[in-house]
Amino acid sequence: MTKRKIFLLSLIAVLAVTYVFQLIFFSRGKIQELSIKGEIASVKIQKGDTTLNLIKNEDNYFIDEKLPAKAEAAGYIFENISSIKIIDTITKNPSENDFERYGLVSPVTVTASSSDNKTLRSITVGKTSSTGNQTYVQLDGKKEIYLVSGNFNSTFSTSKDNLLDYILYKVNADEVYKIQVTYSTFGTFTAEKAGESANFKWSITQTDNDVETEKFNSDKFAEWVSSVTELKAEKWMTDFNPSDSSLDNSRYFSIIISAARKDIHVDLYQIKADAGSEKLCICSENEFLCTIAAEDVHRLVPELETFIDE
């Protein structure tokens, strides 16, 4: 064999080895994205004996179908499970030591399901990488351990309290144009805004109260309106069944806030929810029974006489 042939064969061998290494390198460095086909209707997060069920209904999110969840936080969970980027396959045949090493002995498990309860994806969440930007996981019941993009411990290790949305309603004071207040013992009054936005006036358009409506102070009323543009629940009454009591017979105050293109109804009840407080509340924005703080009751329930000048 001539020196020329030996040289050419050696060069071919070197190129072949280089090509193999390039295939290995680029295959390991290529990110694979897994996207769910179909719409996720619910996500179940389990950690030990604790289970958190998130349900999506159109653009709204709920916990256990009973309580409102923060749309942004819940949506972030749905978004992260719907699309997963696999950075690398750590091992195809993990040992017991691997489960320990990658935090998969007592993991968080996350399951996404469709509206007909079909499992769309399941994730077993282990430790995060040293950078904190990737997570070791197992996917869809497979034994392989993957390294995926994102801190899944931060995303999925959440709690019911962190996800609960306590805001009953929130409106812009400038968009409020009518308010109707009903007292169980003092009757009803309605106030409406009239005039240009830069120079509007509030006036009483209907009332059962014996007051001098011509002395109604628009500025005082506008100040009160600004104070009731947001209301929060103090506690969701999951352990209280409203059918056990006659809520309608115990209603002592109602308010309807008309803002933009919707009417927000808030009803307060005299049923003593806890420690003698009288602050049970239902808001039309979610219609779940809750309590509101005593100071919010005082802020929300106005005395018409306070807006009448002497």
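Rules and cut-offs
- Residues numbered from 1 in each chain as written.
- Predicted model: local features only at pLDDT ≥ 70, side-chain atom pairs only at ≥ 80, totals over all residues.
- Heavy atoms only, no water.
- Helix = DSSP H or I, 4+ residues; strand = E, 2+ residues; numbered from the N terminus.
- Buried < 20%, exposed > 50% of the residue type's maximum accessible area, 1.4 Å probe, protein only.
- Contact = heavy atoms within 4.5 Å.
- Pairing = 2+ DSSP bridges.
- Axes fitted to C-alpha atoms, helices over the stretch in contact; angles between N-to-C directions.

Undergrad: Please give an account of the environment of Ile36 that cites residues and values.
TA: Tracing the backbone shows Ile36 in the loop between β1 (32-35) and β2 (42-47). Ile36 gets classed as buried once you look at its relative accessible area, which sits at 14%. Along the sequence, Ile36 and Leu120 sit 84 residues apart, while their C-alpha atoms lie 6.7 Å from each other. If we skip the residues at most four places from it in the chain, Ile36 touches Ile81, Ser82, Ala112, Leu120 and Arg121.

Undergrad: Which residues make up the sheet that holds strand β17 (residues 251-259), and what values go with them?
TA: The antiparallel open sheet is built from eight strands, whose spatial order is β14-β13-β12-β17-β18-β19-β20-β16. Edge strands, defined here as strands with exactly one partner in the open sheet, are β14 (201-207) and β16 (235-236). Here strand β12 (residues 176-183) runs beside β17; their pairing, made up of seven bridges, is antiparallel. Considered in β17, the bridge of Tyr183 is made with Phe253. Packing against the sheet, helix α6 (residues 218-227) makes contact with β12, β13 (187-194), β14 and β17, and its axis sits at approximately 90° to β14.

Undergrad: Can you explain the environment of Pro94? Please cite residues and give values.
TA: For Pro94, the position within the fold is in the loop between β6 (83-91) and α3 (96-101). Judged by relative accessible area, which is 17%, Pro94 ranks as buried. The spacing of Pro94 and Lys143 is 49 residues in sequence and 7.1 Å in space, taken between C-alpha atoms. Not counting residues within four places of it along the chain, the set of residues in contact with Pro94 comprises Phe99, Lys143 and Ile145.

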